[in-house]
Amino acid sequence: MALKIVKGSIDRMFDKNLQDLVRGIRNHKEDEAKYISTCIDEIKQELKQDNIAVKANAVCKLTYLQMLGYDVSWAAFNIVEVMSSSKFTYKRIGYLAASQCFHEGTDVIMLTTNQIRKDLSSPHQYDTGVALTGLSCFVTPDLARDLANDIMTLMSHTKPYIRKKAVLIMYKVFLKYPESLRPAFPRLKEKLEDPDPGTDAEPHLLCVQKLRILIEDSDQNLKYLGLLAMSKILKTHPKSVQSHKDLILQCLDDKDESIRLRALDLLYGMVSKKNLMEIVKKLMLHVDKAEGTTYRDELLTKIIDICSQSNYQYITNFEWYISILVELTRLEGTRHGHLIASQMLDVAIRVKAIRGFAVAQMATLLDNAHLLTGNTQRNGICEVLYAAAWICGEFSEHLEDPMQTLEAMLRPKVATLPGHIQAVYVQNAAKLFATVLRKHEGETDSQAAQETSQLLIDRLPLFVQSANLEVQERASCILQLVKYIQKLQQKNVEVAEEVTALFAGELNPVAPKAQKKVPIPEGLDLDAWINEPPSESESEDEKPKAVFTKEEHKHSRSRHTEVDEKELARRREVRKQEQANNPFYIKASPSSQKVYDAPGVEHIPVVQIDLSVPLKVPGMPTSDQYLKLEEERQQKEKAERKKKEKKKKREKRGKERKADSGPESEEDIRPAHQVDIVTEEMPENALPSDDDDKDPNDPHKALDIDLDKPLADSEKLPVRTHRPEVLKSPAEDRVNESIPQETKKRSGKEKKEKKKGKEKDRKRSKEEKKKKKHKEVEEELLESQPEEAIQSEETKEATAPPTSAEIKPTVCWFPVQKSSKHKKKKQKKEKEEKEKKKKKRHHHHHHHSDAGGEDSVQNGTVEEEEPLPPMSNYSLLAENSYIKMVYDIQGNHQDESKVVVSVIFENKSDSFLKSMEFNVLDSLNSKLQRPEGAGPHDSLTVPFQLPPGVSNEARFVFSVQSIVMPQKLKGTLTFIVKSDESSTHEKLDFKLHFTCTSYLITTPCYSDAYAKLLESGDLKGSSLRLEGINMPFHHLLARICFHHHFSVVERIDSCASMYSRSIQGHHVCLLVKTSDQTVSIDAKCDEPSLLGNVLDEIKQTFSKC
Amino acid sequence: MIKAILIFNNHGKPRLIRFYQYFAEDMQQQIIRETFHLVSKRDDNVCNFLEGGSLIGGSDYKLIYRHYATLYFVFCVDSSESELGILDLIQVFVETLDKCFENVCELDLIFHMDKVHYILQEVVMGGMVLETNMNEIVAQVELQNRMEKSEVNQVI
């Protein structure tokens, strides 16, 4: 043995060590690669030797080569060998090499588990330390799972050196094996309070003023950090940072790119409706003088980012924005032409009112295309021509001189553009052609129309010869079409109508996630085969056959197509029907006609802008005019405000001014154009999902774990035991079994509740939450009644769930069959449910009372106030000895002209009720939505049957036009009563009462926005007095919230402001005060008759109490 | 978290690389080249922070670096790290090297890459800051060196 060691160390003397290797490489600068490859051969020889010293030396050299970029993973096993050495010196070399080149894909890593465990529990602290350091670099989920317990033990090691490392590495373990977080957390928490801290916390709470000093400092690092801190403060206190706009704009001139980029980043968060134009103007100046395309491109993307952020939130004038985009096209050599193009398209499509202006601008661009394409073909800016051509073609009805644009689009120079742009040119030339024809035929100018056709016939052949297939194909199609049209024109046939029909119909924008948000209807399996795939053997058999029986085959195929065509036509018809009836299908339905009466917009006056200065001269910056206009407007407003304020001051001298009537308020600026989005671009019934925002690649996602939940047995970390567990006696076993099960159960429940709590926090006052809750309740019910959980018809319903679905204490949602077998169980369940519902109600109350997002209620006394009595919005519709109907009406968020009537049918008889048909006599104002193809008087089949004693809910959608008046609709329910002996046909008449309240939707409103709204002077007032109300004030508020769909904006003692909005966007504001059993409600709304009716309804609600 | 620590000279030759996230060797070399390209074109009188490396990280990451004579010390970190903290850490690391190698120069790093790694291991572990006190770092490094020496003596 001793001899071997001596021999080994002698061997080593002849081997190269790391220093020799480095020296050798430095001496072989000419043939470094060759030299290294001989060294690697040597290393391979050394690794074959038994001597661990030689092996370690070889591994050390490999670590160096790895730094130079050589893959050394082939030596992974040798590295493990060196790691396993009992000597610290070699172990350290091994672990270093492993930490440099091991990763999750290294297969020998699983061999290391035991070695690492041994090292972790080594009596020498440095063995343990080296193992921890190495492990922190190459820990895998398997290693984390197997070693988590060992590392946790080390958190209580006697040496602080080890404790510190163990605590740090736990973070890595959690990332790889999140299940270990909960069991380890208590000890980790304890350790983080270790008196021997690892990191120092630095307090950097500097106020913005101090930051200004930093930014003005000559030290570049301080400047950078100042800007960085600013961006952090910006998130919480945007106003205070905005006042330093000058300083930040100044930083755009800094020589240091890091600082310029930081400043740009800050500007993105600093813009408001007020300063957007100004900031963008400054940025445009920088674009002009920026040297280096990288920075200029960065500026360009930032300008577009800033303007388009949150759905063009800060743009008040889209004409200005289009002008900016047009100006940006003058940038030479930018890579971002496509970005500008997509913005042009987006704005032109979605801001309908801007189309006229946009088309004019795009026509100018097309006319001056030579300025853009200028020198090089790979110039990225020519992408904007793609957008310009498309916009001019698609919205050609807005063109002043379509003929001129058409001519511009067919110039020979166009053929030098990239293929995909040419293709769009050709296609849109055809659209323009249609427009021109129509114009001329309107004027009965057959000569001009024929000249237009001739123009196309002359110019298109150039594109027919294009090397690009797409261009070629489109051009030749259109050329033939035009030739045909010319023939017809020569016979004096009017063709414009038919040519226009080729491009009829509007293209509606669809939100990017629209498809994803459509819930998959029940029973639809997207993975299922539509037609069973032919088995492989079959197709193999058939192939050779087909070769020999070609004739026959052809014959049969042609017959097939005949049948197919008829069949296809029939199927197409059926599909059309289906699509029309399918609410998930996006149709060119009335929604696309809706233009400007989006909620809350109609009272906003459209800013008139002088259009007499259109962009005509290319090269002249034109967006400035808008800036000037905006400045003038602001100044005028300021002057007016001053006047007003003076007046006000005079009037209420000594009185405090309202805090948020400050001159810098955002809401003062109204957008001239509205962006159409969400309502139109989302399909009806789209599910709001918040998981869109979550990054699926976030490594910390797995650590989103509830740490307060008690540990379940299954969660304990795996601990290695050397002996198999001693068998327990069966009795003991039973006792032990029952305990963990119980704890598990409890923890499960707590988990649910925690979850609910969390959700509540996150999404307070959001309607979406309600839906979720609704679902949750459903799930819970389903869970607790597995034997009765008959398929719920409700989920099949296509309409949106009612908004306040979580509180329906009086109704059962699922068919509940009375069966003696389950009675006992059921009673218990019911009790549980009641309790749950109680909780729910309580939640609900909180939810509503602080829906405004204000703290005043939360911080108030609500917690101590007595719980609310049960409430329900369902009122009786009709009742006879067989059936009882209760109903509730809810507005639909997504559609301003629809309400959903939820009707619960309860079978009171001992017979089976079936074939229920629901019908309503439509009025001019309100109509029951019937499936397409149904007549206006047809009844709707209720999609379920009712066994004795069972109730179920169905929903019906009504379209309404005016919502300012309540309405009553007469209707009838017919049904068949089927008992063992006989069946009879019965009917029940009812009156559906559409109250004005049912058109209101609970909408949260922040107090400052609320104050603005009241100040605007657009609302008309009315008031109501209620006498003899002896209920606690919070009950009163909760009732108004619940029954009339209001939310509390702010509550101070016995006075509260409330808000709600109608489905058509009317604002309804209430100020509720109470003193001595008298409640006075001052109300304001932009629609007085709606308000009057709502107040009457509120009065009625309280007269019933 | 620190994602990578790179030390290279004025010509971009790597002297120590330490990735805390796995990248294949050729990718590592590309990252070194890109980082060198980004850092070396900056004047010495601009700030020590740099955003916009494309290969490593993305928008959440930034490079914090210091330039000492012939060597660049570059730390690639995510947004959870404090810029000043890392800048300070680089200083601590370099001072520790200076103490351990007695007037450290590029050649020390060239010939003793392993030793530099062992020192770094006492400062940063798995991408997390382990120790910022130079005396403590030096003490631990020396204790381990002593242990190594005693083992060598045993063999001989």
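Residues numbered from 1 in each chain as written. Chains lettered and ligands numbered in written order. Predicted model: local features only at pLDDT ≥ 70, side-chain atom pairs only at ≥ 80, totals over all residues. Heavy atoms only, no water.

So, on to the interface of chain A and chain B. At the junction of the two partners, chain A supplies 56 residues and chain B supplies 51 residues. A buried area of about 5,100 Å², summed over both sides, lies between chain A and chain B, and 57% of it is on carbon and sulfur atoms. Contact with chain B buries surface across chain A, with A:Met67, A:Arg92 and A:Tyr126 losing the most and accounting together for 14% of the total. At the boundary of chain A and chain B, one finds five salt bridges. In this structure, A:Asp256 engages B:Arg42 in a salt bridge whose closest nitrogen and oxygen atoms are separated by 2.9 Å. Across the contact surface, chain A and chain B share 29 residue pairs in polar contact (both at pLDDT 80 or more). Elements represented by at least two residues in the side of chain A that touches chain B include exactly α2 (18–27), α4 (52–67), α6 (88–101), α8 (125–138), α10 (160–176), α13 (220–236) and α16 (257–270) of chain A. With eight residues, α6(A) is the largest single contributor of residues to the side of chain A that touches chain B. (Contact = heavy atoms within 4.5 Å. Buried area = accessible area lost by both parts, 1.4 Å probe. Salt bridge = Lys/Arg side-chain N within 4 Å of Asp/Glu carboxyl O. Polar contact = N/O pair within 3.5 Å; in protein donor to acceptor, adjacent residues only side chain to side chain. Helix = DSSP H or I, 4+ residues; strand = E, 2+ residues; numbered from the N terminus.)

Secondary-structure assignment places A:Phe88 in helix α6. For the pair A:Phe88 and A:Tyr126, spaced 38 residues apart in sequence, the C-alpha to C-alpha distance is 7.7 Å. In contact with A:Phe88, other than residues within four places in its own chain, are A:Tyr126, A:Asp127, A:Val130, B:Gln144, B:Met147 and B:Glu151.

With that out of the way, let us pick up the side chain of A:Ser926. All names here are of chain A. Mapped onto the fold, Ser 926 is located in strand β5 (residues 926–928). Polar contacts involving the side chain of Ser 926 include one to the side chain of Gln 967, which spans 2.5 Å. Setting aside residues up to four positions removed in sequence, Ser 926 forms contacts with Ser 959, Val 960, Gln 967 and Leu 969.

Residues and elements named next belong to chain B. Overall, the predicted model of chain B reaches an average pLDDT of 90, with 94% of residues at or above 70. No element of chain B has a lower mean pLDDT than strand β3 (residues 49–51), at 86, and none a higher one than strand β6 (residues 124–125), at 96. Confidence metrics for the complex model read pTM 0.52 and ipTM 0.96. (pLDDT = per-residue confidence, 0-100.)

Attention shifts here to the nonpolar core. Core analysis: the biggest nonpolar cluster contains 144 residues, and A:Trp320, A:Tyr321, A:Leu328, A:Met344, A:Tyr425 and B:Ile2 have the highest contact counts within it. It is helix α25 (residues 419–442) of chain A that contributes the most residues to this core, 12 residues altogether. Apart from the residues lying within four places of it in its own chain, the contact partners of A:Tyr425 are A:Leu366, A:Ala369, A:Leu385, A:Ala389, A:Met409, A:Val414 and A:Leu417. Core analysis: the second largest hydrophobic core is formed by 94 residues, A:Tyr90, A:Val139, A:Ile162 and B:Ile17 among them. (Core = buried A, V, L, I, M, F, W, Y, C linked by side-chain atoms within 4.5 Å. Buried < 20%, exposed > 50% of the residue type's maximum accessible area, 1.4 Å probe, protein only.)

All names here are of chain A. Between helix α20 (residues 337–350) and helix α21 (residues 355–367), whose axes approach to 9 Å, the crossing angle comes to 145°. Of the two elements, α20 crosses α21, and the hand of that crossing is left-handed. Contacts between α20 and α21 involve Met 344, Ala 348 and Ile 349 from the former and Arg 355, Ala 358, Met 362 and Leu 365 from the latter. Class assignment of the residues belonging to the contact of α20 with α21 gives a composition of six nonpolar, no polar and one charged. (Axes fitted to C-alpha atoms, helices over the stretch in contact; angles between N-to-C directions. Left-handed = near helix turned anticlockwise from the far one by under 90°. Nonpolar A, V, L, I, M, F, W, Y, C, P; charged D, E, K, R; others polar.)

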